[in-house]
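Descriptive analysis of the structure
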Amino acid sequence: MRIPRLLIAGALVATAAVAVPMSASQAIPATHAVYLSLGDSLSVGYQPGLGDTTQGFSEDVYNVLKARLASTQQLDLVKLGCSGETTTTFINGGKCPVGRYTTGSQLGDAIQFIDSNWANIRYISIDIGANDVDGCATGSSINAACIVQGEKTIAQNLNTILSAIKTADHGVAQKIGMAYYDPFLAEWLTGTTGQAVAAASVTALAGINLTESSEYSAYGFKVADVFTKYKTAQFAPYVNTPPYGKIPTNVSKICTWTYMCSVQNIHPNPTGYQQIADAFLAKLK
């Protein structure tokens, strides 16, 4: 995901130890297992005011999986994500700075890494596609034609991305994609027009997630249902959420777990990232 509007730069202080990810160029010891994280800014733990961090869902997932395997195998984390990545730039490059990917794209580096280490890769996660459609929502409307075109692009590009990963992986890793939450529910707070936009955004996102989930399933990926974890479709009951008062459950989750209601930044806070991690972990062994 990218930032549509950033009004205030937030500041966070890490309160717990986090994993330090390895780079794809580092040698993986033959006895180690690997968790490979791919995707957009969510995969690299983007935080307003801090940029990419080691406080995202990838680290949260990794820390739990590492503990699960501790008695039998060392687990390493490799993160190849890129903030602002679309499904198109995932394939072709052009979003991250020159030199970020030795092959020129996240997909190219991912396939190169998987080809070289497939026997060691135990988990692969991916979240991609939100930036293909985030420009379709404004404070006053949802552009239906933009959503339709975005879904077509996502479906076409995911076919390319997922088929390449599946082929390179040899069926060894547990692979999982993500169904997104809806930051534009925050428009509910702006009044009647915003409430209509919030409702429309949920409907649009449900269609996008269905497109993505169908692609993931077709290529043997499980789906982390963050849409449900964030109670995205649950407009009732209203819950007291300071300082906003009583607001719908789904809006409350966005205000509580992301920066969207406070500084109009779509990214999760550490609590929100943990919720995403929990949705991934529910599907991983």
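Located above this text is the structure these notes cover.
This write-up is about the structure you can find in this document. Please read all numbers here as calculations on a predicted model, not as lab measurements.

Here is what the cut-offs are and how they apply
What you see as residue numbers is a count from 1 along each chain, following the sequence as written. Residue-level local features of this predicted model are given only where pLDDT is at least 70; pairs of side-chain atoms are given and counted only at 80 or more, and the full residue set underlies all totals for whole chains, interfaces and linings. The basis for every side-chain value is the complete set of non-hydrogen atoms in the structure, without hydrogens or water. Here, axes are lines fitted to C-alpha atoms. For helices the fit covers the stretch in contact, and angles between N-to-C directions go from 0 to 180 degrees. Helix and strand definitions follow DSSP, with helices as H or I runs of at least four residues and strands as E runs of at least two, each counted in order from the N terminus. With respect to orientation, any angle under 35 degrees is reported as roughly parallel, any angle over 145 as roughly antiparallel, any angle of 65 to 115 as roughly perpendicular, and every other angle as oblique. Here is the rule for handedness: rotate from the far helix to the near one, and if that takes an anticlockwise turn smaller than a right angle the crossing is left-handed, while a clockwise turn gives right-handed. Whether two residues are in contact is decided by their heavy atoms, any of which lying within 4.5 Å being enough. In this count, Pro and Cys sit with the nonpolar residues alongside Ala, Val, Leu, Ile, Met, Phe, Trp and Tyr, while Asp, Glu, Lys and Arg are called charged and the others, Gly among them, polar. Here the term buried applies to any residue with accessible area under 20% of the maximum for its type, exposed to any over 50%, and partly exposed to those in between, with areas from a 1.4 Å probe on protein chains only. When DSSP locates at least two bridges between a pair of strands, those strands are taken to pair. Note on handedness: a clockwise path from strand one over the helix to strand two, with the strands aimed away from the viewer, defines a right-handed crossover. Multiplying one less than the number of residues by 1.5 Å gives the expected span of a helix. Polar contact is defined as a pair of N or O atoms within 3.5 Å, subject to the rule that within protein one atom must be able to donate a hydrogen and the other to accept it, and that residues adjacent in sequence are counted only when both atoms are side-chain atoms.

1. Structural notes on the packing of helix H1 (residues 57-69) against helix H10 (residues 270-281)
For the pair H1 and H10, interaxial distance at closest approach is 7 Å and the crossing angle is 50 degrees. It follows from the interaxial angle that H1 and H10 lie oblique. Here H1 runs over H10; the crossing is right-handed. Note on element contacts: H10 touches H1 through Pro 270, Tyr 273, Gln 274, Ile 276, Ala 277, Phe 280 and Leu 281, opposite Phe 57, Asp 60, Val 61, Val 64, Leu 65 and Arg 68. Across the contact of H1 with H10, the residue classes tally to ten nonpolar, one polar and two charged.

2. Focus on the pairing of strand E2 (residues 75-79)
Where burial is concerned, most of E2 is hidden: five out of the five residues are buried. Side chains of E2 alternate between two faces, with Leu 75, Leu 77 and Lys 79 and Asp 76 and Val 78 buried alike. Examined bridge by bridge, strand E1 (residues 33-39) and E2 share five bridges and lie parallel to one another. Across the sheet, the residue bridging to Ser 37 is Lys 79, located in E2. The parallel pair E1 and E2 is bridged by H1, and the resulting crossover is right-handed.

3. Comments concerning helix H5 (residues 144-169)
Over its 26 residues, H5 extends 36 Å from the first C-alpha to the last, a length consistent with the 38 Å expected when each residue adds 1.5 Å. When we look at burial in H5, the residues that qualify are Ile 147, Gly 150, Ile 154, Ala 155, Asn 157, Leu 158, Ile 161, Leu 162, Ile 165, Ala 168 and Asp 169. Of the residues that open H5, the one with a side-chain oxygen 3.2 Å from the backbone nitrogen of Ala 145 is Asn 143. Of the residues flanking the end of H5, it is His 170, one or two places downstream, whose phi is positive at about 60 degrees.

As far as function goes, none of this settles anything; it's purely spatial.
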